[in-house]
Number of protein chains: 2
Amino acid sequence: MTTKTEFQIEKAAPIFKVLGDKTRLTMMKLIENQTCCVCEFVEIFQMSQPSISQHLRKLRDVGLIKEERKGQWVFYSLNHESEWFVFMKSILEQLPSQEEKLIELEKNGARITCC
Amino acid sequence: MTTKTEFQIEKAAPIFKVLGDKTRLTMMKLIENQTCCVCEFVEIFQMSQPSISQHLRKLRDVGLIKEERKGQWVFYSLNHESEWFVFMKSILEQLPSQEEKLIELEKNGARITCC
DNA sequence: TAAATATATAACAATATACTTATATGCGCA
DNA sequence: TGCGCATATAAGTATATTGTTATATATTTA
């Protein structure tokens, strides 16, 4: 008998659905090994702040990420408690690093505002 | 140096998108180890034939499945040539078998019409 | 060749998604 | 308390998605 995890299709489909967006998938990769705050995402994706918030909400609604408020800022990170965490990590491992986006931010000094 | 496969995010997101639908994800699981024809899907999902064809087209458009005509019927199966094949198999392994849907069909004699 | 069957495509309607702008909320600090 | 900044939510709009029905195409068989 294996200890293979088994997901219900009804539950798995919505997970794939939220991952099926370039912005959200990139967000997941960005927080693979660190936390990011909303203002960083806004800078990185050059997208309005509400749009970023809405993407983050979708990821949070299915439990893939969690938020942590630090003063004015809200930091997002992978939710290690999610039943999808191990599965998620195995997917993220197969995606190219997005570090350069954060490095670019630091160069522009945009990361210093909140971190 | 590992032989880890790496997917571009721009290419990966559309794959997740097509998998982010209960019907299509179930279709993928159904053809994990066998081929199915359109009329079988119509019976299984109790959905109109055009709707089934459109779902299959989306899976085919991203290269996840391939079709093979046998007489009047068109059979669909996993596309082993897809760069996503190994990845796809690892996902399907984690989903529960949908065999009972095919067994149900046979019981009803609905599978005999084309197979 | 014509009829019957299986599948694909077209056209359309209902709903969902992903942005936008405007506004509300939450926190830190003068 | 009131202002400024960060974030969330609301409302609206354009577009995408998913189903439907009608129709076209392809194949088999009489």
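Placed above this text is the structure.
So, here is what we can say about the structure in this document. Along each chain, residue indices are assigned from 1 in the same order as the chain's sequence is written. All chains are assigned letters beginning with A, and all ligands numbers beginning with 1, in the order in which they are written. Only residues with pLDDT of at least 70 are given local features in this predicted model, and only at 80 or more are side-chain atom pairs given and counted; all residues enter the totals for whole chains, interfaces and linings.

Considerations on the overall build of chain A
And then number 1: When you go through chain A residue by residue, the secondary structure sums to six helices and three strands.
And then number 2: When the 115 residues of chain A are sorted by exposure, 23% land in the buried category.
And then number 3: Contact between residues is assigned whenever the C-beta positions, reconstructed from backbone atoms, fall within 7 Å. In chain A, the proportion of contacts linking residues at least 24 apart, taken out of those at least 6 apart, comes to 56%. Counting from the N terminus, the helices are the DSSP runs of H or I reaching at least four residues and the strands are the DSSP runs of E reaching at least two. As a rule, residues whose C-beta atom has 12 or fewer other C-beta atoms within 10 Å are exposed, those with 20 or more are buried, and those in between are partly exposed; C-beta atoms are placed from the backbone.

Topic: the relation of the copies chain B and chain A
And then number 1: In screw terms, the move from chain B to chain A is a rotation of 180° and a rise of 0.0 Å along the axis, fitting with an RMSD of 0.0 Å. Considering both components of the superposition, the chain copies are consistent with a two-fold axis.
And then number 2: By residue overlap, the copies meet face to face through one surface: 100% of the interface positions of chain B are interface positions in chain A. For this overlay, a least-squares fit was computed on C-alpha atoms, restricted to residues scoring pLDDT of at least 70 in both copies.

Considerations on the sheet that holds strand β1 (residues 36–37) of chain B
And then number 1: At least two bridges found by DSSP between two strands are what make those strands a pair. The strand order across the open sheet built from three strands is β1-β3-β2 (chain B), with neighbouring strands paired in antiparallel fashion. Bordering the open sheet on either side are β1 and β2 (65–70) of chain B, each of which pairs with just one other strand.

Some words on the protein's contact with DNA strand C
And then number 1: To decide whether a residue is near a molecule or strand, its C-beta atom is placed from the backbone and checked for lying within 6 Å of it. Near DNA strand C there are 26 residues, and of these S48 and P50 of chain A together with V38, C39 and P50 of chain B occur at the shortest range.
And then number 2: Contributing elements (two or more residues each) for the surface near DNA strand C: α4 (49–61) of chain A together with α3 (38–45), α4 (49–61) and β3 (73–78) of chain B.
And then number 3: Looking at the surface near DNA strand C, the element that brings in the most residues is α4 of chain B, giving six residues.
And then number 4: Only Asp, Glu, Lys and Arg are considered charged in this grouping, and only Ala, Val, Leu, Ile, Met, Phe, Trp, Tyr, Cys and Pro are considered nonpolar; every other residue, Gly among them, is considered polar. Its residues assigned to classes, the surface near DNA strand C shows ten nonpolar, twelve polar and four charged.

Re the protein's contact with DNA strand D
And then number 1: Near DNA strand D lie 26 residues; those nearest to it are C39 and P50 of chain A together with S48, P50 and S51 of chain B.
And then number 2: For the surface near DNA strand D, the secondary structure elements donating two or more residues are α3 (38–45), α4 and β3 (73–78) of chain A together with α4 of chain B.
And then number 3: Ranked by residue count, the leading element in the surface near DNA strand D is α4 of chain A, at six residues.
And then number 4: In terms of residue class, the surface near DNA strand D is made up of ten nonpolar, twelve polar and four charged.

As for the interface of chain B and chain A
Note on interface size: it is often stated as the accessible area lost on association of the parts.
And then number 1: With 24 residues of chain B at the interface, the matching set in chain A holds 24 residues.
And then number 2: Counting only elements with at least two residues in the side of chain B that touches chain A, the list comes to α1 (9–19) and α2 (22–30) of chain B.
And then number 3: No other element matches the eight residues that α1 of chain B contributes to the side of chain B that touches chain A.
And then number 4: Here the side of chain B that touches chain A is built from residues that sort into eleven nonpolar, five polar and eight charged.

A few points about the pairing of β3 of chain A
Residues and elements named next belong to chain A.
And then number 1: In terms of strand pairing, strand β1 (residues 36–37) meets β3 through two bridges, oriented antiparallel. By the bridge assignment, C37 is partnered in β3 with F75.
And then number 2: Pairing of strand β2 (residues 65–70) with β3 involves six bridges; the strand directions are antiparallel. Each bridged residue has a counterpart across the sheet, and for E68 the counterpart in β3 is F75.
And then number 3: Taking the residues between adjacent antiparallel strands as the criterion, β2 and β3 are bridged by two residues, where G71 takes a positive phi near 65°.

Describing the sheet that holds β3 of chain A
And then number 1: Pairing in this open sheet of three strands is antiparallel, and the strands run β1-β3-β2 (chain A) from one edge to the other. Every other strand in the sheet has two partners, leaving β1 and β2 of chain A as the edge strands with one partner each.

Comments concerning the environment of I103 of chain A
Residue and element names in this part refer to chain A.
And then number 1: Summarising the element assignment, I103 is placed in helix α6 (residues 99–107).
And then number 2: Looking at I103, the number of C-beta atoms within 10 Å reads 11, which means it is exposed.
And then number 3: Along the primary structure I103 and Q46 are separated by 57 residues, whereas in three dimensions their C-alpha atoms are 15 Å apart.

Description of the nonpolar core
And then number 1: Among buried residues, those of type Ala, Val, Leu, Ile, Met, Phe, Trp, Tyr and Cys that are joined through C-beta atoms within 7 Å form a set called a nonpolar core. F16, I31, L59 and I65 of chain A together with F16, I31 and I65 of chain B are the most contacted members of the largest nonpolar core, which totals 46 residues.
And then number 2: With residues near it in sequence (within four places) discarded, F16 of chain B still touches F16, L19, G20 and L25 of chain A.

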